[in-house]
Every structure is written in C-alpha cells, then in structure tokens.
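Structure at a glance
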Amino acid sequence: MIERTLVLLKPDAVQRSLCGRILSRFEDAGIKIVGMKMVWIDDKFAKTHYTGIAERHGERVLKNLVDYIKEAPVVALVLEGVNVIDVVRKIVGSTYPNESLPGTIRGDFCHISKKYANDNNKKVGNLIHASEDKKSAEREISLWFSKSELFNYKIVHDIHVI
Ligand code: IDP
Ligand code: MG
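Quick look at the structure, then. (Residues numbered from 1 in each chain as written. Chains lettered and ligands numbered in written order. Predicted model: local features only at pLDDT ≥ 70, side-chain atom pairs only at ≥ 80, totals over all residues. Heavy atoms only, no water.)

What follows deals with unusual backbone geometry. The backbone of serine 17 shows a phi angle near 55 degrees, a positive value even though the residue is not glycine. Here serine 17 lies in the loop between α1 (11–15) and α2 (19–28). Phi is positive for asparagine 83, close to 45 degrees, though the residue is something other than glycine. By secondary structure assignment, the location of asparagine 83 is in the loop between β3 (74–82) and α6 (84–92). (Helix = DSSP H or I, 4+ residues; strand = E, 2+ residues; numbered from the N terminus.)

This is the structure we're talking about:
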C-alpha cells in the first residue's frame, strides 16, 4: 500500500551538514519526497510533536529531547512509497545508535548509547525522526504540513520501482 510518513532531519543532521547524504539514502531506495522545508520549532510545537514521550521515557528524556530538537533548524520531509512508514524506519535504524546496524543512517553516522547519554546528561543524537505507525504518521504530517505544501507528481520510480 502506498503510504506517507513524516521524517525530520534533526538539528545534529543539519549542523553536521549531513542533509544531502541522508536524503540520498531515501532517494536511492526510490522513495518520493512529497514535502520538504526547513523549520526552527519552539517549545510548544516540540512538545506537541513529541506527545507521549514523557509517558514512554519519562519527563527527563522529554526535556532533553525538546532541548535537542530546538538546538538548530530541522528539515521536515514527507516521504511517499510502498509501506514507506516501516521501510523508512528500517533505513533509519534503531533508536539507540550503538544498537543501529551498519548500513542504516543511524548505524553509519552516529554511535552513542542510551546509557552514556543518560549518565552524562547528553542527547541521544540520532539524526532522524521518522513516524512510527500509520496513526502517528497522519497526525505528524498534518501537524507539520498544510495540504498546499504537499505535492502529487510522478518520478521515474513510479515506472521502474513501484
Ligand atoms: P524513535 O526516534 O526511534 O522513534 P522514540 O522512542 O520515539 O525513538 O524516542 C524519540 C527520541 O527520543 C529518540 O529518537 C531519541 O532522540 C530520544 N530518546 C529516546 N530515549 C532516550 C533516552 O533514554 N535519553 C535521551 N533521549 C532519548
Ligand atoms: Mg518515535
């Protein structure tokens, strides 16, 4: 099924000048960019985006994460493809970079562990946010993008990959 997902290139991806290389990973897989913009979000927006994090990881992680996501602008993307929500999470790799496999974005470009981050009051700088499931993808896409910022068009992969 063709789906859409929200991806953020987090501040560390932007500040480490990795946007192009990260975008290439998705483009190489034949995934279509249907929305893209740079945004510097505020506290309120960050907390809305990260709804549910405090329940899952605790207040301390939420604060750490909100500070992280506001460090610099992020690049927000809506990506489209076949079962793209799960495919993008596979390309991105697991949450904690020390556990992310080589070949994934997180596995190739970062390596910090959850324990080191929390013991040293550091962020889990893992470069990317990607929606977890269909429900959160729909919520996050409508939070970040208006309808007029999303585009329907054909790419070569519509013929050769899909
Ligand atoms: P995900 O980004 O792989 O979906 P989530 O569990 O949704 O992972 O957590 C959101 C983000 O919160 C992570 O990407 C990471 O940056 C941050 N995070 C998760 N656990 C911790 C932690 O224990 N300490 C600090 N930051 C964390
Ligand atoms: Mg998540």
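With that settled, the discussion passes to the layout of surface pockets. As a volume, the largest pocket reaches approximately 660 Å³. Residue assignment for the lining of the largest pocket shows that the elements contributing at least two residues are α4 (53–57), α5 (59–69), α8 (114–119), β4 (128–130) and α9 (134–144). In this model, the second largest pocket occupies a volume close to 230 Å³. Lining the second largest pocket, in full, are Arg4, Ile85, Lys134, Ala137, Glu138, Ile141, Ser142, Phe145, Ser146, Lys147 and Leu150. Here the lining of the second largest pocket gets five residues from one element, more than from any other, and that element is α9. Across the lining of the second largest pocket, the residue classes tally to five nonpolar, two polar and four charged. (1 Å grid on protein atoms, 1.4 Å probe; cavity = no way out; pocket = protein on both sides within 12 Å on 5 of 7 lines; lining within 4 Å. Points joined across faces, edges and corners; volume = space filled by probe spheres on them. Nonpolar A, V, L, I, M, F, W, Y, C, P; charged D, E, K, R; others polar.)

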